[in-house]
Amino acid sequence: MIVLDFVGVGLFAATGALSASRKQLDIIGFVFLAAVAGVGGGTIRDLILGVGIFWVLEPVYIVVCGGTAAVIYFTAHLLESRYRWLLWLDAVALAAYCVFGAYKGLLVTGSPVVAVVVGTLTGTLGGILRDALANEPSILLRREIYVTAALLGALAFVLSDAIGLPQPFSACAGFVVAIVIRGSALALGLPLPTYRSRPGREHGAIR
Amino acid sequence: MIVLDFVGVGLFAATGALSASRKQLDIIGFVFLAAVAGVGGGTIRDLILGVGIFWVLEPVYIVVCGGTAAVIYFTAHLLESRYRWLLWLDAVALAAYCVFGAYKGLLVTGSPVVAVVVGTLTGTLGGILRDALANEPSILLRREIYVTAALLGALAFVLSDAIGLPQPFSACAGFVVAIVIRGSALALGLPLPTYRSRPGREHGAIR
Amino acid sequence: MIVLDFVGVGLFAATGALSASRKQLDIIGFVFLAAVAGVGGGTIRDLILGVGIFWVLEPVYIVVCGGTAAVIYFTAHLLESRYRWLLWLDAVALAAYCVFGAYKGLLVTGSPVVAVVVGTLTGTLGGILRDALANEPSILLRREIYVTAALLGALAFVLSDAIGLPQPFSACAGFVVAIVIRGSALALGLPLPTYRSRPGREHGAIR
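Residues numbered from 1 in each chain as written. Chains lettered and ligands numbered in written order. Predicted model: local features only at pLDDT ≥ 70, side-chain atom pairs only at ≥ 80, totals over all residues. Heavy atoms only, no water.

Asker: Run through the side chain of B:Asp90, naming residues and quoting values.
Answerer: As for its position among the elements, B:Asp90 is in helix 5 (residues 82-109). Once you skip the residues sitting within four places of it in the chain, B:Asp90 turns out to touch B:Phe12, B:Thr15, B:Gly127, B:Arg130, B:Ile139 and B:Tyr146. (Helix = DSSP H or I, 4+ residues; strand = E, 2+ residues; numbered from the N terminus. Contact = heavy atoms within 4.5 Å.)

Asker: How would you sum up the UniProt feature "transmembrane region" (unreviewed entry) in chain A? Please name residues and give values.
Answerer: All names here are of chain A. As recorded in UniProt, the sites labelled "transmembrane region" (unreviewed entry) are residues 27-54, 60-79, 86-107, 113-133, 145-165 and 171-192. Split by type, residues 86-107 is 100% helix and 0% strand. Its first and last C-alpha atoms lie 31 Å apart. For the annotated span residues 113-133, helix accounts for 100% and strand for 0% of the residues, and the straight-line distance between the end C-alpha atoms is 30 Å. (UniProt positions renumbered as here; feature names shortened; annotations may be inferred.)

Asker: How would you summarise helix 1 (residues 2-22) of chain A if you had to cite specific residues and measurements?
Answerer: All names here are of chain A. The terminal C-alpha atoms of helix 1, which comprises 21 residues, lie 30 Å apart, in line with the 30 Å expected from a rise of 1.5 Å per residue. Counting buried residues in helix 1 gives 16 out of 21 residues, a clear majority hidden from the surface. Taken from the residues just after helix 1, glutamine 24 is the one with a positive phi, measuring 55°. (Expected span 1.5 Å × (residues − 1). Buried < 20%, exposed > 50% of the residue type's maximum accessible area, 1.4 Å probe, protein only.)

Asker: Outline the packing of helix 5 (residues 82-109) of chain A against helix 6 (residues 112-134) of chain A, listing residues and values.
Answerer: Residue and element names in this part refer to chain A. Put simply, helix 5 and helix 6 touch, their axes get as near as 7 Å, and they point 145° apart. Here helix 5 and helix 6 pass one another in a crossing that is right-handed. Packed against helix 5, whose contacting residues are Leu86, Asp90, Leu94, Tyr97, Cys98, Gly101, Ala102, Gly105, Leu106 and Thr109, the element helix 6 presents Pro112, Val114, Ala115, Val118, Gly119, Thr122, Gly123, Thr124, Gly127 and Arg130 at the interface. Of the residues belonging to the contact of helix 5 with helix 6, the class tally is ten nonpolar, eight polar and two charged. (Axes fitted to C-alpha atoms, helices over the stretch in contact; angles between N-to-C directions. Left-handed = near helix turned anticlockwise from the far one by under 90°. Nonpolar A, V, L, I, M, F, W, Y, C, P; charged D, E, K, R; others polar.)

Asker: With reference to specific residues and values, describe the layout of surface pockets.
Answerer: If a probe the size of a water molecule is rolled over the atoms, the empty space left behind becomes visible. When its volume is computed, the second largest pocket comes out at roughly 370 Å³. Looking at the second largest pocket, it is lined by 29 residues, and the ones nearest its centre are B:Leu47, B:Gly50, C:Leu47, C:Gly50 and C:Val51. Among the elements of the structure, helix 2 (27-49) and helix 3 (54-57) of chain A, helix 2 (27-49) and helix 5 of chain B together with helix 2 (27-49) and helix 3 (54-57) of chain C are those that each provide at least two residues to the lining of the second largest pocket. A per-class count over the lining of the second largest pocket returns 19 nonpolar, seven polar and three charged. (1 Å grid on protein atoms, 1.4 Å probe; cavity = no way out; pocket = protein on both sides within 12 Å on 5 of 7 lines; lining within 4 Å. Points joined across faces, edges and corners; volume = space filled by probe spheres on them.)

Asker: Would you mind going over the pattern of salt bridges in detail, with residue names and values included?
Answerer: The tally for this structure, following the rule as stated, stands at twelve salt bridges over all chains. The closest approach of N and O atoms between B:Arg130 and B:Asp131, which form a salt bridge, is 3.1 Å. For the residue pair B:Arg130 and B:Asp131, the accessibility class agrees, reading buried in each case. Within this structure, A:Arg45, A:Asp46 and A:Lys104 form a network of salt bridges that share partners. (Salt bridge = Lys/Arg side-chain N within 4 Å of Asp/Glu carboxyl O.)

Here it is in structure tokens:
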């Protein structure tokens, strides 16, 4: 599980740094956004579960975010489309982190419902905070499936665990479900059937 | 008091789902925004008070949010103006939740000042988080009285309680104060006397 | 240290109230934004450190925010450029608060890495929350050095403390480092060397 944790933190940190590069921030801005994206979701997870914040107990996570930000600072100009990279790294990080969040939620509370909710939040809030701070359009409002992938990944892990599969298998199941759903949504531009009747009117148009 | 709690969660969840419908999200987007609006304010309340998060202890609140989101998903197209509904449901939820927040703050800390602050936050933060995530103009910046209604509702509850009224009466007092203030502000477009001298210049105009 | 704490809270509260005046909110809007800016960073600091929230334990901080908001409400029209004042008060508050945050982080966890991170967050998050709620362009994305000043101020305090300087000296060192860096950045419009290759394309331009 520790692998999933570091994959989640490292890749989310990379997406934060890519976002900083799109906004042309300085090196500390890279580190800041990398840290927010990298440990933001996990911080809220630990606050909700009422356990000590993981990076306060183990500051090496902060060092991982800082190192990732430095690497991206010096290499981002090599990428053709940083935003495409950001979306795909975010997809892998989401898959890793929704499973790890569900695992930790289950460990702490023992409730499958809470585990699924916490897994979903852990997988998605880092990206949502990143976009909010970097003033990007929120990934939540994009057409492709996003929260759904984290939710189904967390659900797959919790169900596999409930039917007694060994933990590495359950973790793989959850990871694969999430990455396949989010990946195909990205590759094919797949939306879920959305609420279609009509969009909200502009605010000027309401009284 | 438990009634106020469920009314607050359920109606805030409905406003989150209405917001999701305005943004044409998928069903999971409905559930996500409903959950953020429904339990967001209460989650921050419980974090600040240092008690266990209510929906981690009692996951049925999450089920309420999910159910509300599903109902709105299939009925929102029947509404003439979803944004008017959103504003009015938000008003009732605010009134219920500022009283419940003040009650819980008083119960945990015993300090009336903290109870009023926590009540105000509980009543308003769910709506503020919802608008931030859905990228709507923040309800906080609208002209009509908003935070004031939650603050006076919480204050009315704390004062009634302090002079020894029985709890159901104090709760009614706070609820009625908040709903009358917010409701008449909405119905009549009433602002408090605002700071009028001049708005901030555009950022381009400042050096 | 208690001086730094009150300076940080009071000045951040003043920046929140100035922001409210730019948005022409009512008096309660002033108090709300003053409270968010004044105690927001410290609240997240205390949540992360897992200690009781400072203003719940000592509600006088809330009174300070309310009083500051009232003063600004009646005097803001006297200022030539509220936004310049906001930036400079924010600079002093940031310097005071990054040192106090690092001090509290060191006291609670004993880890210098965590102390620097917590100091940086304490110094910057109040301003970031304020701008997010008031819908101002985030101070984080402005060209001048911001997070860096808080980080180096916290670092200077932690290092001075580590080499055994008496605490008032370490605190002064951190405060002076932060204020000189942020102040000269503001006065001279100094950016750190930023990531320059190219800004992110508009979202319409990506696939």
